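Listed below are the residues making up each chain.
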Number of protein chains: 2
Amino acid sequence: MMNRIEKPATTTMKEVAQEAGVSIAAVSKVLHGKGPNIRVSEARAEVIREAAKKLRYQPNGLARSLRMSRTHTIGLIWENMADIGDGPLYYMYLLDGVASELFRKHYRLTILPEIPHSSTISSLSDGRLDGVIWCKMPDLPGIRDQLSHSSLNVVGLNTQATHSLCPMITCDNEHGSGLVVDHLVELGHRNIAFAQDWGSEDTPDLITRYDGYRKALQRHEIPFTENLLFRCDKHKPEVEGWLTRNQGITAIYAWYEGLAGKIMASAQDAGYQIPRDLSIVGFDSTLYCDTLSPKLTAIRQPIREMAQAAARTLMDLIEGQAPDKTSYIFPCTLDVRESSSHPAHSRAPESQRRGNLL
Amino acid sequence: MMNRIEKPATTTMKEVAQEAGVSIAAVSKVLHGKGPNIRVSEARAEVIREAAKKLRYQPNGLARSLRMSRTHTIGLIWENMADIGDGPLYYMYLLDGVASELFRKHYRLTILPEIPHSSTISSLSDGRLDGVIWCKMPDLPGIRDQLSHSSLNVVGLNTQATHSLCPMITCDNEHGSGLVVDHLVELGHRNIAFAQDWGSEDTPDLITRYDGYRKALQRHEIPFTENLLFRCDKHKPEVEGWLTRNQGITAIYAWYEGLAGKIMASAQDAGYQIPRDLSIVGFDSTLYCDTLSPKLTAIRQPIREMAQAAARTLMDLIEGQAPDKTSYIFPCTLDVRESSSHPAHSRAPESQRRGNLL
DNA sequence: CTGAAAGCGCTAACAC
DNA sequence: GTGTTAGCGCTTTCAG
């Protein structure tokens, strides 16, 4: 049994005022000097400062926040926090970007637990947060409704919704998917599958990445058929079965790097050589991609910069400066690594190096 | 120019009371039902709930916290947040551990900006936090002083200090270092250097790891000399110069994996083959170690579990249950990967496979 | 210059 | 059962 350490009671302004023999108002003015109406003589000011130091006075942030309706704290909502330690460094960069920007302006960052979408925003508008950054905010009617009924400042990150109820920061997913398809087509692939996991249907990133994939296929005049869509369990994608049911697939584009990794592992377990038998490309080029063997070719999004932009936009919003842009789209690039190459048994030799037309 | 969306004012209990035609106290009781003194008839309760729903009433957390002196929010202090996106996954696991545990009990997590040690604790005792988890808390007199003068609940993580002013969670660094030395000695190494970067002197982990290294050397009857200590710049360690000045070194043990990575890169740049010419071992076995080539042999600490323990201990402390243990030490294990092997020019063949005595 | 006083929104005695 | 009341610690008018 640990004998509880003496926890000294905390000092209030009132006590400081008493000690200094002045009014509470004077203490407030001197210590947090704002109101232009209250001037205090240097002499008294000094006495007050002394008293404060002597009593180890520490202003109470709650009281202040309550009074000012400002907490200088912003919240971060992200989906599937549970996966966080699971590989994808995405969250780290995101966090670093948000935090670095916030801290520069003396804001604090609160990580929020996952909350059912149905009550997310309203449950957050309890005065403790000046605003929130919502990663992967889904574009759902319920959310739209909350957004318009809430007084909370929100900015979406990695979100591109159909409304403009809040500023949104995202990367050019569509173009990113285009880069992937271009890359694969150029290598000689024609049967390029798109992989997604069950349960991510509402994720805006997935939607736009898929869109971009479809459009890119079209651009290359490659017809899309349902069997190119590989919907799987993110924990154990049954690649082998699917691949044998869908002969001819030579490349898989997974909508995020973690899924790509799982797919690669599953394929390898089944005896596939990557990239000889199957090329795999993912989205989100991070250190994780380098841990795979072969290393994963992937699209890089400037997540740290995006996160910073989100933080900056939110702070502007909070401080009353309507941001000039209501949405930012950051460019993506392709990091070619080892998991993509020419298809081994190129099916139609004549189409091998000439992916563009016919 | 974005036309600012109508931000509906927030509803207070008073308004709900008016709408329902009851007293504020009744509303409080019904909506957050605590005080056993106030009973409300089911009829009125219903009316109140209706009114609240109609007005989209959302209790104000600040007011509540102020009143109750409880915020259900805990803070996380970690050093060099700046390095966070830089490779080491350590922070991710840490964060995941803390957050998962906290969220289970409906606490929030606030990430704090780095603050000068001189004022850390006092500046945090402003009522907004119920407690903090302090990673790598240094064992400094200033800190000790603050700890005893503050009313804030603190638990240290990855810290082992000489006082018991707060509970501390750490891993068995000393034993970890022992594992490293044992491993290297068993491989035939005798000249094993310890690497640390400038500026980390106060970090408790470094200190105990170094201690463990010294003791292990002693255990193997290998004399320690100053030239076995490689003090370097963490951004660009000048391995080559140091190695030529200190002939005979066949292995380097870096006190954290990021440094090990840098050292490896630097050595490779200078033409060294790892592990043929030089074995390298680090602390903190994470995904990062797998991204290196060769993959880094490293000590694994159960950081996620440690973080959870820290969170749990802190919550217990906050909730008034003095934790039964004032400190926890978690065991470490060694993950042997590719960066360690027999020394190429084993100096004393007779000592090669018989590291224990003589 | 200075201090009294009115709250910010909520909880919990306490009296009815 | 119910409402009145006294704050939590701070900021800020406003009258002196």
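Residues numbered from 1 in each chain as written. Chains lettered and ligands numbered in written order. Predicted model: local features only at pLDDT ≥ 70, side-chain atom pairs only at ≥ 80, totals over all residues. Heavy atoms only, no water.

Draft legend 1. Region of the structure containing the overall build of chain A. Along its length, chain A carries 13 helices and 12 strands. Within chain A, buried positions represent 54% of all 358 residues. For chain A, the computed accessible surface area is about 16000 Å², with 50% contributed by carbon and sulfur atoms. (Helix = DSSP H or I, 4+ residues; strand = E, 2+ residues; numbered from the N terminus. Buried < 20%, exposed > 50% of the residue type's maximum accessible area, 1.4 Å probe, protein only. Areas by Shrake-Rupley, 256 points an atom, 1.4 Å probe, with all protein chains shown as cover.)

Draft legend 2. Inspection of the sheet that holds strand β12 (residues 333–335) of chain B at higher detail. All names here are of chain B. An order of β7-β6-β8-β9-β10-β12 is seen for the 6 strands of this open sheet, with the pairing classed as mixed. Edge positions in the open sheet fall to β7 (229–232) and β12, since each of these has one partner strand only. Recorded for the sheet is a direction-independent mean angle of 25° between the axes of neighbouring strands. Bridge count between strand β6 (residues 192–197) and strand β8 (residues 251–254): 4 bridges; the pairing is parallel. (Pairing = 2+ DSSP bridges. Axes fitted to C-alpha atoms, helices over the stretch in contact; angles between N-to-C directions.)

Draft legend 3. A look at the protein's contact with DNA strand D. Every one of the 27 residues lining DNA strand D counts as a neighbour, but Met13(A), Tyr57(A), Arg64(A), Arg67(A) and Ser41(B) are closest to it. Here, DNA strand D places atoms within 4 Å of the protein, and 64% of those atoms are sugar or phosphate. The separation between a phosphate oxygen of DNA strand D and a polar side-chain atom of Ser23(B) is 3.2 Å. Between a phosphate oxygen of DNA strand D and a main-chain N or O atom of Ser41(B), the distance comes to 2.7 Å. Listed by contribution, the elements that provide at least two residues to the surface near DNA strand D are α2 (24–32) and α4 (61–68) of chain A together with α2 (24–32) and α4 (61–68) of chain B. Along the lines of polarity and charge, the residues of the surface near DNA strand D split into 14 nonpolar, 8 polar and 5 charged. (Near = heavy atom within 4 Å. Polar contact = N/O pair within 3.5 Å; in protein donor to acceptor, adjacent residues only side chain to side chain. Nonpolar A, V, L, I, M, F, W, Y, C, P; charged D, E, K, R; others polar.)

Draft legend 4. Local environment of unusual backbone geometry. Residue Pro275(A) is reached from Ile274(A) by a cis peptide bond, and omega for that bond is 5°. Following Ser293(B), the chain continues to Pro294(B) via a peptide bond in cis, the omega torsion being 0°. Note that Pro294(B) resides in the loop between α12 (287–291) and β10 (297–300). Its identity is not glycine, yet His72(A) carries a phi of approximately 55°, on the positive side.

Draft legend 5. Quick look at the protein's contact with DNA strand C. The immediate surroundings of DNA strand C are formed by 27 residues, with Ser41(A), Met13(B), Tyr57(B), Arg64(B) and Arg67(B) found nearest. A share of 63% is what sugar and phosphate atoms reach among the atoms of DNA strand C within 4 Å of the protein. A distance of 2.7 Å separates a phosphate oxygen of DNA strand C from a polar atom in the backbone of Ser41(A). The separation between a base nitrogen of DNA strand C and a polar main-chain atom of Ala63(B) is 3.4 Å.

Draft legend 6. Summary view of helix α3 (residues 42–54) of chain B. Residues and elements named next belong to chain B. Relative to the 18 Å expected for 13 residues at 1.5 Å per residue, α3 spans 18 Å between its end C-alpha atoms, a close match to the ideal helical length. Along α3, the residues classified as buried are Ala45, Ile48, Ala51 and Ala52. The arc that holds every buried residue of α3, seen down its axis, measures 125°, which confines them to one face. Away from its buried face by more than 90 degrees, α3 exposes Glu42, Ala43, Lys53 and Lys54. The elements touched by buried residues of α3 are α1 (13–20) and α2. Residue Arg56 follows α3 closely and has a positive phi angle near 55°. (Expected span 1.5 Å × (residues − 1). Arc of directions from axis to C-beta. Contact = heavy atoms within 4.5 Å.)

Draft legend 7. Representation of the domain arrangement of chain A within the structure. Each domain of chain A was delimited in the assignment, giving domain 1 (13–59), domain 2 (73–170 + 303–330) and domain 3 (173–302 + 336–357). Distance from the C-alpha centre of domain 1 of chain A to the C-alpha centre of domain 2 of chain A: 38 Å. (Domains from an automatic or database assignment.)

Draft legend 8. Structural view of the nonpolar core. Within the largest apolar cluster, 161 residues are counted, with the highest numbers of intra-cluster contacts made by Leu109(A), Tyr213(A), Ile252(A), Leu109(B), Tyr213(B) and Ile252(B). Looking at which element gives the most residues to this core, the answer is helix α13 (residues 303–318) of chain A, with 10 residues. Ignoring any residue separated from it by four or fewer positions in sequence, one finds Leu109(B) in contact with Leu109(A), Thr110(A), Ile111(A), Ile74(B), Gly75(B), Leu76(B), Leu95(B), Val98(B), Ala99(B), Leu102(B) and Phe103(B). (Core = buried A, V, L, I, M, F, W, Y, C linked by side-chain atoms within 4.5 Å.)

Draft legend 9. Broad picture of the pairing of strand β5 (residues 168–171) of chain B. All names here are of chain B. Burial along β5 is two-sided: Met168 and Thr170 and Ile169 and Cys171, pointing in opposite directions, are all buried. Where strand β4 (residues 153–157) meets β5, 2 bridges bridge the pair, whose relative direction is parallel. Its bridge partner lying in β5, Gly156 is registered against Met168.

Draft legend 10. Highlighting the sheet that holds strand β6 (residues 192–197) of chain A. Residue and element names in this part refer to chain A. Across the sheet, 6 strands lie side by side as β7-β6-β8-β9-β10-β12; this open sheet has mixed pairing. Only two strands of the sheet have a single neighbouring strand rather than two, namely β7 (229–232) and β12 (333–335). Put simply, the sheet's adjacent strands are angled 25° from each other on average, direction ignored. Strands in contact with helix α8 (residues 173–187) are β6, β8 (251–254), β9 (279–283), β10 (297–300) and β12; relative to β9, the strand with the most contacts, it is inclined by about 165°. Strand contacts of helix α11 (residues 257–269): β6, β7, β8 and β9, with the helix running at about 155° to β9, the strand carrying the most contacts.

Draft legend 11. Geometry of the relation of the copies chain B and chain A. Relative to chain A, chain B is turned by 180° and slid 0.0 Å along the rotation axis, the superposed coordinates differing by an RMSD of 0.1 Å. Such a turn and shift between the copies fits a two-fold axis. (Least-squares fit on C-alpha atoms with pLDDT ≥ 70 in both.)

Draft legend 12. Spotlight on empty space enclosed by the protein. All chains considered together, the criterion is met by 4 cavities of 30 Å³ or more. When its volume is computed, the largest cavity comes out at roughly 180 Å³. Lining the largest cavity we find 15 residues, and of these Thr73(A), Thr110(A), Arg128(A), Thr73(B) and Arg128(B) sit closest to its centre. Breaking the lining of the largest cavity down by element, the ones donating at least two residues are α4 and β2 (108–111) of chain A together with β2 (108–111) of chain B. (1 Å grid on protein atoms, 1.4 Å probe; cavity = no way out; pocket = protein on both sides within 12 Å on 5 of 7 lines; lining within 4 Å. Points joined across faces, edges and corners; volume = space filled by probe spheres on them.)

Draft legend 13. Here's a closer look at the interface of chain B and chain A. With 65 residues of chain B in contact, the opposing surface of chain A contributes 65 residues. At the surface where chain B touches chain A, the tally comes to 2 salt bridges. At the junction of chain B and chain A, the tally comes to 9 residue pairs in polar contact (both at pLDDT 80 or more). Within the residue set of the side of chain B that touches chain A, elements represented by two or more residues are α4, α5 (90–104), β2, α6 (120–124), α7 (141–149) and α12 of chain B. Here the element with the most residues in the side of chain B that touches chain A is α5(B); it accounts for 7 residues. With 3 bridges joining them, β2(A) and β2(B) adopt antiparallel strand pairing. In the sheet register, Ile111(A) faces β2(B), and the bridge partner there is Leu109(B). (Salt bridge = Lys/Arg side-chain N within 4 Å of Asp/Glu carboxyl O.)

Draft legend 14. Main features of the side chain of Thr120(A). Residues and elements named next belong to chain A. Note on placement: Thr120 falls in helix α6 (residues 120–124). There is a polar contact of 3.0 Å between the side chain of Thr120 and the backbone oxygen of Pro116. Excluding its chain neighbours within four sequence positions, the residues that come into contact with Thr120 are Ile77, Ile115, Trp134 and Gln146.

Draft legend 15. A look at the packing of aromatic side chains. With the rule as written, the count across this model stands at 20 aromatic pairs over all chains. Both rings, one in Phe194(A) and one in Tyr253(A), keep their centres 5.3 Å apart while their planes meet at 85°; by these two values the pair is edge-to-face. You can see Phe194(A) sitting in strand β6 and its partner Tyr253(A) sitting in strand β8, a full 59 residues away along the chain. An aromatic cluster is present here, built from Phe194(A), Tyr210(A), Tyr213(A), Phe224(A) and Tyr253(A) joined pairwise through their rings. Residue placement shows Arg209(B) over the ring face of Phe283(B); its charged tip is 3.5 Å from the ring centre. (Phe/Tyr/Trp six-rings, centres within 6.5 Å; stacked < 30°, edge-to-face > 60°. Lys NZ or Arg CZ within 6 Å of the ring centre and 35° of its normal.)

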